[in-house]
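Analysis of the macromolecular model
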Amino acid sequence: MTYKVLVLKGDGIGPEVVGEALQVLRVVTREAAVDIEFKEGVAGGHALDLHGSPLPDNVLAQARDADAILLGAVGGPKWDDPRAEKRPEQALLTLRKELGLFANVRPVRGFRELAGSSPLKPEIINNVDLVVIRELTGGIYYGRPSERREGKNGREAIDTCIYTEAEITRVLRYAFELARERRKRLTSVDKANILATSRLWREIAMALSAEFKDVNFENQLVDSMSMHLIRRPRDFDVVVTENMFGDILTDEASVLAGSMGLLPSASLGEDLNSAGFRVGLYEPIHGSAPDIAGRDEANPLAAILSGAMLLEHSLGLKAEAELILQAVEAVVRDGYRTRDLGGGSGARLIGCKAMGRTVRERIESLQPGA
Ligand code: IPM
Ligand code: MG
């Protein structure tokens, strides 16, 4: 059996961190029962420069054909003109929508050794272990109309937030099921005191909670949730929310882990791939960090951990995914740090390539038969 993985390195530090993740995936699956064929495609600003489109048609076709996609990051100041019609970020939005990747899974776990890299107090973030499920193919990101126009009093602009019952139900159901496998706590985040979409969301969530009686369910408003998340993060297990609230809350949640450079994500659809698992797109939650691109300073751990999520969720290679996790934990425990993770006593400051290599060496020493 050969599985197809499409690799979209993207812009900025994307190629550097994905390059390391790819090598890790090769090493960890060397003895696996399946073969993985990695194919490269272009996406984002890089694709815009080369082909005039952030996601050329043939790359979208490759994505549809793949069992999973690994992506670096897209965007950068070069393509930031607010009046530009084509933007790198459209590559991501199109992939998410066209592949139906409605559930964005963003796990946040604090490494005890890295508590010092967070501006939050260690006693608040130690042992944090939560997952944010962000709805990814609806809401204000996709609602129409979304445009700028001439109004009676000059220029105006409009965006539309719209959700259907089916869109809300499937992501909530995914979150309830995940909570059931974890610590059985689910927090649904909305703005039901103001928004109609949120009131529909809450109504459906309440109805589903009757079906999942074993899950301890609560609703939170997004504004107070943004405060609870950094004041008492250990109280949360699974958090589910709509597209834009999830975008904002997950950047906030990344502070709990010490660095954005540590957080992987999976975007999953309903369709199954040739391996019988969910089709998925895997990417670090950090951006393209153009300021440090090409300097071998980026932290490849989020990309490497995204690779682990890919193995687990789309290819069913749980043991291999676990091995990557163990290796990353060991490397962090041993004091290896990229610049974003800060120094501290006993830290060994290394670059992107060396971090990738150190993780691979650790995998080799952990591999059965080593
Ligand atoms: C994210 C990013 C994207 C988003 C951008 C790059 C389009 O911020 O994945 O969180 O807003 O969804
Ligand atoms: Mg974001």
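Conventions adopted
- Think of each chain on its own: its residues are numbered from 1, step by step along the sequence as written.
- Here every chain gets a letter starting at A, and every ligand a number starting at 1, in the order they are written.
- Totals for whole chains, interfaces and linings use all residues, but because this is a predicted model, local features are given only for residues with pLDDT of at least 70 and pairs of side-chain atoms are given and counted only at 80 or more.
- Where side-chain values are given, they derive from all heavy atoms of the structure, hydrogens and water being excluded.
- We place a 1 Å grid over just the protein atoms. Points where a 1.4 Å probe fits but has no way out form a cavity, open points with protein on both sides within 12 Å along at least 5 of 7 lines form a pocket, and any residue with an atom within 4 Å of a point lines it.
- Grid points are joined across faces, edges and corners, and a volume is the space filled by probe spheres set on the points.
- The numbering of helices and of strands both runs from the N terminus, where a helix is a DSSP run of H or I of at least 4 residues and a strand a run of E of at least 2.
- Throughout this document, a residue counts as near a molecule or strand when at least one of its heavy atoms sits within 4 Å of that molecule or strand.
- Pairs of N or O atoms within 3.5 Å make up the polar contacts considered here, provided that, within protein, one atom can donate a hydrogen while the other can accept it, and that residues adjacent in sequence are counted only when both atoms are side-chain atoms.
- What sets the accessible areas is the Shrake-Rupley method with a 1.4 Å probe; for residues, cover comes only from the shown protein chains.
- To decide whether a molecule occupies a pocket or cavity, check its atoms: if more than half lie within 2 Å of the grid points, it is inside.
- Note on residue categories: nonpolar means Ala, Val, Leu, Ile, Met, Phe, Trp, Tyr, Cys or Pro, charged means Asp, Glu, Lys or Arg, and polar means any other residue, Gly included.
- For this analysis, a salt bridge means a side-chain nitrogen from Lys or Arg found within 4 Å of a carboxyl oxygen belonging to Asp or Glu.
- Burial status follows relative accessibility: with a 1.4 Å probe on protein chains alone, a residue under 20% of its type maximum counts as buried, one over 50% as exposed, and anything between as partly exposed.
- Only when DSSP finds a minimum of two bridges between them are two strands counted as paired.
- Lines fitted to C-alpha atoms define the axes, with helix axes restricted to the stretch in contact, and inter-axis angles between N-to-C directions lie between 0 and 180 degrees.
- It only takes one pair of heavy atoms within 4.5 Å for two residues to be counted as in contact.
- Orientation categories follow fixed angle ranges, with anything under 35 degrees roughly parallel, anything over 145 roughly antiparallel, 65 to 115 roughly perpendicular, and all other angles oblique.
- In this scheme, a crossing is called left-handed if the near helix is turned counterclockwise away from the far one by less than a right angle; it is called right-handed if the turn is clockwise.

**Topic: empty space enclosed by the protein**
With the rule as written, the count across this model stands at one cavity of 30 Å³ or more. Considered as a void within the structure, the largest cavity measures approximately 60 Å³ in volume. Lining the largest cavity, in full, are Tyr163, Val189, Asp190, Leu195, Thr197, Ser198, Trp201, Glu242 and Phe245. By residue number, the principal contributor to the lining of the largest cavity is helix H7 (residues 196-211), which donates three residues.

**Considerations on unusual backbone geometry**
The peptide bond linking Arg144 to Pro145 adopts the cis configuration, its omega dihedral lying at 5°. In this fold, Pro145 is placed in strand S6 (residues 143-151). Phi is positive for Lys184, close to 65°, though the residue is something other than glycine. Mapped onto the elements, Lys184 comes out in the loop between helix H6 (165-181) and strand S8 (185-190).

**Things to note about the site of ligand 1**
Taken together, Glu89, Leu92, Arg96, Arg106, Arg134, Tyr141 and Asp247 form the complete shell of residues around ligand 1. At 2.8 Å from an oxygen atom of ligand 1 is found a side-chain nitrogen or oxygen belonging to Arg134. If ligand 1 stood free it would expose 320 Å²; the protein chains cover 76% of that surface. Judged by its atoms lying within 2 Å of the grid points, ligand 1 is housed in the largest pocket. It is helix H4 (residues 89-98) that contributes the most residues to the shell around ligand 1, three residues altogether. Residues of the shell around ligand 1, tallied by class, amount to two nonpolar, no polar and five charged.

**Looking at the pattern of salt bridges**
Close approach of charged atoms allows side chains of opposite charge to pair. Summed over all chains, the structure comprises 28 salt bridges. We note a salt bridge from Asp129 to Arg183, for which the minimum N-O separation is 3.8 Å. On the criterion of sequence distance, the pair formed by Asp129 in strand S5 (residues 129-135) and Arg183 in the loop between H6 and S8 is long-range, its members being 54 residues apart. Put simply, Arg362 and Asp334 hold a salt bridge, and the shortest N to O gap is 2.3 Å. Of this pair, Arg362 sits in helix H12 (residues 352-366) while Asp334 sits in the loop between helix H11 (318-333) and strand S13 (336-337), and the two are 28 residues apart along the sequence. Since its relative accessible area comes to 25%, Arg362 is described here as partly exposed. The class of Asp334 is partly exposed, set by a relative accessible area of 28%.

**Overview of the sheet that holds strand S3 (residues 68-73)**
As summarised here, the arrangement of the 10 strands in space is S2-S1-S3-S12-S11-S4-S5-S10-S8-S9, forming an open sheet in which the pairing is mixed. Bordering the open sheet on either side are strand S2 (35-41) and strand S9 (216-221), each of which pairs with just one other strand. For this sheet, the mean angle separating the axes of adjacent strands, direction not counted, is 20°. The pairing of strand S11 (residues 264-272) with strand S12 (residues 278-284) spans six bridges and is antiparallel. Paired with Ala266 across the strands is Tyr282, a residue of S12. Contacts from H7 reach S5, S8, S9 and strand S10 (238-241) within the one sheet, and its direction differs from that of S9 by about 170°.

**Things to note about the packing of helix H8 (residues 222-231) against helix H9 (residues 243-254)**
Between H8 and H9, the shortest axis-to-axis distance is 10 Å and the interhelical angle comes to 20°. Here H9 runs roughly parallel to H8, going by the angle between their axes. In this structure, H8 meets H9 at a crossing whose hand is right-handed. Seen from H8, the contacting residues are Val222, Met225, Ser226, Leu229 and Ile230; seen from H9, they are Phe245, Leu249, Glu252 and Ala253. Taken together, the residues of the contact of H8 with H9 sort by class into seven nonpolar, one polar and one charged.

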